[in-house]
Amino acid sequence: MGKFEYAPAPESRDVVSLRESYGLFIGGEFTPGIDGRAFKTISPATEEVLGEVTEAGPADVDRAVAAARKAYEHTWALMPGTERAKYLFRIARLVQERARELAVIESLDNGKPIRESRDVDIPLVAAHFFYYAGWADKLEYAGYGPAPRPLGVAGQVIPWNFPLLMLAWKIAPALACGNTVVLKPAETTPLTALAFAEICQQADLPPGVVNIVTGAGETGRALVTHPGIDKVAFTGSTEVGKEIARACAPTRKKLTLELGGKAANIVFEDAPIDQAVEGIVNGIFFNQGHVCCAGSRLLVQESVYSEVLAALRRRLGTLRLGDPLDKNTDVGAINSAAQLAKIRELSQVGEAEGAERWSPPCDLPVKGFWFPPTVFTGVSQAHRIAREEIFGPVLSVLTFRTPAEAVEKANNTPYGLSAGIWTDKGSLILWMASRLRAGVVWANTFNKFDPTSPFGGYKESGYGREGGRHGLEAYLDV
Ligand code: NDP
């Protein structure tokens, strides 16, 4: 059966006006960096330069922390929750108003399909601000005592896979609780954070409540080790997370870490196979697999292995890879040359270790960073592609016979962020969920996010929860 041919349906870029260069957002103003260093951010789909961004040095981080401290002590922490809530609601509404523009910027800078930035990322960003706006004047009912206090200044470092959404996960609860923030976006995806800085100005947020310092790992290090901050929130690799945990250990800083994952997506023989295949595709090919909670290990019950694999291959043959701004695109670009090299390397390791590699026929664009949807079968638990986070559109397939074996294999990982269960039986879902060592367990769905629901991991996936009532704890002195 041939693929339907779709005419191109590109989203217009006219709604976006990118600047040639961007300053740092400190104390409510865009300001140049002290030592004048800058770097370029590119579109990973075309390698086109999108703009020049300031690289914040230690002195800039110092200025940002001082601005956040001043705003904390003189304005934000003193403001009643009802007033803080108004700002958060205003930000949420401005995100909605500028949603189309933000979605296009996100897809340009990150490489993710517009369908995803438009329908998932940006609506969830607004939802997070709406949700935490609702908490700002109700903190005494959150279960953390009659008058929970904020921590102070939060230093927040976020990755490139969901740039604006990770910003929302960090900034919305911090502000709701009365903290001020200095946030560093990832080097490859700073543009929506800078657009968010404009939104803070539009919302008349008091200067210094939100500060955005752009830069690479060194800027992140300067921020998380800065003695003037009270709280560190980090999402990214386990390796950097461990370094940050070591740096924070001898200090009084409160720390939350959201790190990698190697989630099992478990399909039982009584699962509705077509829906399960959609869930498998959504689990690992959503956002090019650049998802910490991606269902990167598929565990299929042996009795339905051939059926599931055949249906999965058929479905992958219909995925469209290409221009992230095309509304028909399912799989966009890999975020960076470095990430592409990592995905290629681990895929080669998979082959060398004896697993069988398969991809649907798929033309890759010549320019930019691309990797086809890939499935490895014949994977054993000891293989590196079953143990390490690939963070790309690569699925490792394993099999099991009994629920107990499924639990054992699912938990046989250094990570513990998420898991999925596909079965017709509610009792099996509950039995499995109570045994899986994963922060989030999805049943007959995958990669569903909601601001009311806590998210976070066990083991090397980090500690602390973001989202929901639980997400408040990370920003309160409790
Ligand atoms: P990193 O952990 O290096 O990056 C995450 C953020 O931390 C970025 O803003 C980064 O800046 C910053 N950073 C880097 N080094 C330091 C440091 N020493 N102190 C403070 N901040 C720092 O992830 P990578 O982008 O290098 O990705 C590598 C791997 O990490 C991926 O292949 C994937 O496996 C995993 N990953 C997991 C994520 C998750 O959500 N769990 C998200 C992203 C990656 P900069 O971008 O400038 O380097």
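All figures in this text were calculated on a predicted structure; none of them were measured in a lab.

Student: Before we go on, may I ask you to explain the overall build of the protein in this structure?
Tutor: Summing up its helical and strand segments, the protein has 15 helices and 18 strands in all. Its C-alpha atoms give the protein a radius of gyration of 22 Å, near enough to 23 Å, the size a compact globule of 478 residues would have. For the protein, the C-alpha atoms occupy an extent of roughly 65 × 50 × 35 Å along the three principal directions. A total of 478 residues make up the protein; the buried ones form 59% of that total. Within the protein, counting contacts between residues at least 6 apart in sequence, those at least 24 apart form 76% of the total. For the protein, the accessible surface area stands at approximately 18,400 Å², while carbon and sulfur atoms represent 52% of it. Averaging the coordinates of the 50 positive side-chain charges in the protein and doing the same for the 55 negative ones gives two points 4 Å apart.

Student: I would appreciate a short explanation of the sheet that holds strand β1 (residues 21-22) in the present structure.
Tutor: Pairing between the strands of a sheet is mediated by backbone hydrogen bonds and can be parallel or antiparallel. Across the sheet, which stays open at both edges, the three strands sit in the order β1-β5-β4 with mixed pairing between neighbours. The open sheet has two edge strands with one neighbour each: β1 and β4 (38-42). Judged from the five bridges that link them, β4 and strand β5 (residues 49-54) form a sheet pairing that is antiparallel. Bridged to threonine 41 within β5 is glycine 51.

Student: Before we go on, may I ask you to explain empty space enclosed by the protein in this structure?
Tutor: By rolling a water-sized probe across the atoms, one finds the places where empty space is left. All told, the structure shown has five cavities of 30 Å³ or more when counted by the stated rule. For the lining of the largest cavity, the secondary-structure elements that each account for two or more residues are α13 (403-411) and β16 (418-422). Residue classes in the lining of the largest cavity are distributed as eight nonpolar, four polar and four charged. In this structure, the second largest cavity spans a volume of roughly 70 Å³. Together, Asn161, Phe162, Leu165, Met166, Trp169, Glu258, Val291, Cys292, Cys293, Phe449 and Phe455 line the second largest cavity. Per-element accounting of the lining of the second largest cavity gives the leading share, three residues, to helix α5 (residues 163-176).

Student: What's the story with the pairing of strand β6 (residues 153-157) in this structure? I'm lost.
Tutor: Remember that side chains alternate between the two faces of the sheet whenever the strand is regular. Summarising burial for β6: five of the five residues are buried, a large majority. Here β6 shows a buried face lined by Val153, Gly155 and Val157 and a second buried face lined by Ala154 and Gln156. Where β6 and strand β7 (residues 180-184) come together, five bridges link them in parallel fashion. Residue pairing across strands places glycine 155 opposite valine 182, the latter belonging to β7.

Student: Could you clarify how one ought to interpret the packing of aromatic side chains in this entry?
Tutor: In this structure the tally under the stated criterion is 13 aromatic pairs. Measuring from centroid to centroid gives 5.5 Å for phenylalanine 129 and phenylalanine 196, while their planes differ by 25°, and the two rings are stacked. With phenylalanine 129 in helix α4 (residues 114-135) and phenylalanine 196 in helix α6 (residues 191-202), this pair connects stretches of sequence that are 67 residues apart. Here the two residues phenylalanine 129 and phenylalanine 196 agree in accessibility, since each one is buried. Summarising the aromatic geometry, the rings of tryptophan 160 and phenylalanine 391 are spaced 5.3 Å apart at their centres and angled 85° between planes, so their arrangement reads as edge-to-face. Of the two residues, tryptophan 160 sits in the loop between β6 and α5 while phenylalanine 391 sits in the loop between α12 (384-387) and β15 (394-400), which places them 231 residues apart along the sequence.

Student: Can you walk me through the packing of helix α9 (residues 273-285) against helix α10 (residues 305-316) in this structure?
Tutor: Packed helices, taken two at a time, are described by the angle between their axes plus the distance between the axes. The contact between α9 and α10 brings their axes to 10 Å, and the two run at 60°. Between α9 and α10, the angle falls in the class oblique. Remark: the crossing between α9 and α10 carries right-handed chirality. Judged by residue contacts, Ile273, Val277, Glu278, Ile280, Val281 and Phe285 of α9 engage Glu307, Val308, Ala311, Leu312, Arg315 and Leu316 from α10.

Student: For this particular structure, what's the right way to read the state of the cysteines?
Tutor: Structurally, a disulfide amounts to a covalent bond that connects the sulfur atoms of two cysteines. In this structure the tally under the stated criterion is zero disulfides. Here cysteine 177 stays free of any disulfide, with the sulfur of cysteine 200 as its closest cysteine sulfur at 17 Å. Among the residues examined, cysteine 177 registers a relative accessible area of 1% and is labelled buried. Its sulfur unpaired, cysteine 248 is 19 Å from the next cysteine sulfur, which belongs to cysteine 177. Judged by relative accessible area, cysteine 248 falls into the buried class, the value being 3%.

Student: I'm lost on the layout of surface pockets in this one. Help?
Tutor: Put simply, the largest pocket is a space of about 1,100 Å³. Every residue lining the largest pocket is counted, 40 residues in all, and those nearest its centre are Trp160, Phe234, Gly236, Ser237 and Val240. Elements that contribute at least two residues to the lining of the largest pocket include exactly α7 (217-224), β9 (231-235), α8 (238-248) and α11 (337-352). Class assignment for the residues of the lining of the largest pocket results in 17 nonpolar, 12 polar and 11 charged.

Procedures and definitions
- Residues numbered from 1 in each chain as written.
- Predicted model: local features only at pLDDT ≥ 70, side-chain atom pairs only at ≥ 80, totals over all residues.
- Heavy atoms only, no water.
- Helix = DSSP H or I, 4+ residues; strand = E, 2+ residues; numbered from the N terminus.
- Rg over C-alpha atoms; globule rule 2.2 N^0.38 Å.
- Buried < 20%, exposed > 50% of the residue type's maximum accessible area, 1.4 Å probe, protein only.
- Contact = heavy atoms within 4.5 Å.
- Areas by Shrake-Rupley, 256 points an atom, 1.4 Å probe, with all protein chains shown as cover.
- Lys, Arg positive; Asp, Glu negative; His and termini not counted.
- Charge placed at Lys NZ, Arg CZ, Asp CG, Glu CD.
- Pairing = 2+ DSSP bridges.
- 1 Å grid on protein atoms, 1.4 Å probe; cavity = no way out; pocket = protein on both sides within 12 Å on 5 of 7 lines; lining within 4 Å.
- Points joined across faces, edges and corners; volume = space filled by probe spheres on them.
- Nonpolar A, V, L, I, M, F, W, Y, C, P; charged D, E, K, R; others polar.
- Phe/Tyr/Trp six-rings, centres within 6.5 Å; stacked < 30°, edge-to-face > 60°.
- Axes fitted to C-alpha atoms, helices over the stretch in contact; angles between N-to-C directions.
- Parallel < 35°, antiparallel > 145°, perpendicular 65-115°, else oblique.
- Left-handed = near helix turned anticlockwise from the far one by under 90°.
- Disulfide = S-S within 2.5 Å.

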